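So the chains spell out like this:
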Amino acid sequence: MSNLLFDAIKTQSKITNRVLVGFSSGKDSIVTMDLCFKFFDEVVPYFMYIVPGLEFQEQTLRKYEKHYNTKIIRIPHFDVSGFMKYGAFRPPDENSQIIEINDVYEYLRQQTGAYWIAAGERISDSIVRRAMIKASGSINKKTGRFYPIAHWTKSDVMAYIRKERLYLPKDSRGLGFSFKSLAGEELAWVKETYPEDYKKIIQMYPFAEAAVKRLEYYGE
């Protein structure tokens, strides 16, 4: 791998020795977290869940907690507040408060004392991310976020995972990305692969079976 790929995080490590890092268990976040543990003195990982305690996700979290001898903070994904309030596959709750991503960042900063947040966004992910990172650079001083693998390609990411022998979770292998939503494709995969975890999802989102049935009926 080209040494140029590590220029961003080398620069970022000169700004602070303490960093929060978002860990979704997807390939980009796996590499981002590994780099952070290599380049920063103190790393505080956090994981945002759609449903708490899914065993296939907890298995991954435990593996990486053991690997780095760390504790990964579990916190509800900010999208969950919208699911609750507006009724995504469940009855709506008008009393639920909408939580924004910046609210999550502020909470994590207050709880940990760390300010800078490392994220796994890459320029090659999408036009939106390209524009976002091009505008701020790999270090966004305004938001307190930086992007260690901003200029990496998917091939770079996968090569690093193989080289460092990092664990790629079953959902990333089966879906091509980490489980992150209530989309029919993702729910159907969980139902087939981890039926007990699927039951936990249905307990929290009792109408989610409709997304799976739609996928089965329309095949899309």
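I will try to describe carefully the structure that is included in this document. Owing to the predicted nature of the structure, the values given are computational and were not obtained by experimental measurement.

Broken down by element type, the protein chain carries 11 helices and six strands. A principal-axis box enclosing the C-alpha atoms of the protein chain has dimensions of 50 × 40 × 35 Å. Within the span of the protein chain, comprising 220 residues, buried residues form 46% of the whole. Restricting to contacts in the protein chain with at least 6 residues of sequence separation, those with at least 24 account for 68%. Summed over its atoms, the accessible surface of the protein chain is roughly 11800 Å², and 51% of this surface lies on carbon and sulfur atoms. Each charge sign in the protein chain was given a centre, from 32 positive and 27 negative side chains, and these centres are 5 Å apart.

Attention now goes to the nonpolar core. Core analysis: the largest hydrophobic core is formed by 30 residues, its most contacted members being Val31, Leu35, Tyr64 and Trp152. When contributions to this core are tallied by element, the ones reaching two or more residues are β1 (18–22), α2 (27–39), β2 (42–49), α3 (55–68) and α7 (154–164). Residue contributions to this core peak at five residues, all from α2. When sequence neighbours within four positions are dropped, the list of residues in contact with Leu35 reads Phe6, Ile9, Pro148, Ile149, Trp152 and Tyr160. Listed in part, the 20 residues of the second largest apolar core include Val51, Val80, Leu182 and Leu187.

β2 sits mainly inside the fold: six of its eight residues count as buried. Sheet analysis places β1 next to β2, joined by five bridges and oriented parallel. Bridge assignment links Arg18 to a residue of β2, and that residue is Glu42. Between the parallel pair β1 and β2, the chain is carried across by α2, and the sense of this crossover is right-handed. As defined by bridge partners, β2 adjoins strand β3 (residues 73–76) across four bridges and the pair is classed as parallel. Residue Tyr46 lies in a different strand from β3, and its bridge partner there is Ile73.

Let us now look at the packing of α2 against α7. In the contact formed by α2 and α7, the axes pass within 10 Å of each other and the chain directions differ by 60 degrees. Judged by the inter-axis angle, α2 sits oblique to α7. Relative to α7, the crossing made by α2 is left-handed. Between α2, through Lys27, Asp28, Ile30, Val31, Asp34, Leu35 and Lys38, and α7, the contact on the second element is made entirely by Lys154, Val157, Met158, Tyr160, Ile161 and Glu164.

This part is about the sheet that holds β3. Spatially, β3-β2-β1-β4-β6-β5 is the arrangement adopted by the six strands of the open sheet, whose pairing is mixed. Bordering the open sheet on either side are β3 and β5 (139–140), each of which pairs with just one other strand. Bridging between strand β4 (residues 117–118) and strand β6 (residues 145–146) involves two bridges; their strand directions are parallel. If you follow Ile117 over to β6, its bridge partner there is Arg145.

Turning to the environment of Ile201, a few remarks are in order. Checked against the element boundaries, Ile201 lands in helix α10 (residues 195–204). Residue classification places Ile201 among the buried residues on the basis of a relative accessible area of 0%. Remark: the alpha-carbon pair of Ile201 and Ser181, spanning 20 residues in sequence, is separated by 11 Å. When neighbours within four sequence positions are excluded, Ile201 is seen to be in contact with Val51, Leu54, Phe179, Leu182, Leu187 and Val190.

Quick look at unusual backbone geometry now. Backbone geometry places Ser25, a non-glycine residue, at a positive phi of 80 degrees. By the secondary structure assignment, Ser25 is in the loop between β1 and α2. Even without a glycine there, the phi angle at Asn69 is positive, about 55 degrees.

Scoring rules and cut-offs
- Residues numbered from 1 in each chain as written.
- Predicted model: local features only at pLDDT ≥ 70, side-chain atom pairs only at ≥ 80, totals over all residues.
- Heavy atoms only, no water.
- Helix = DSSP H or I, 4+ residues; strand = E, 2+ residues; numbered from the N terminus.
- Buried < 20%, exposed > 50% of the residue type's maximum accessible area, 1.4 Å probe, protein only.
- Contact = heavy atoms within 4.5 Å.
- Areas by Shrake-Rupley, 256 points an atom, 1.4 Å probe, with all protein chains shown as cover.
- Lys, Arg positive; Asp, Glu negative; His and termini not counted.
- Charge placed at Lys NZ, Arg CZ, Asp CG, Glu CD.
- Core = buried A, V, L, I, M, F, W, Y, C linked by side-chain atoms within 4.5 Å.
- Pairing = 2+ DSSP bridges.
- Right-handed = clockwise from strand over helix to strand, strands pointing away.
- Axes fitted to C-alpha atoms, helices over the stretch in contact; angles between N-to-C directions.
- Parallel < 35°, antiparallel > 145°, perpendicular 65-115°, else oblique.
- Left-handed = near helix turned anticlockwise from the far one by under 90°.

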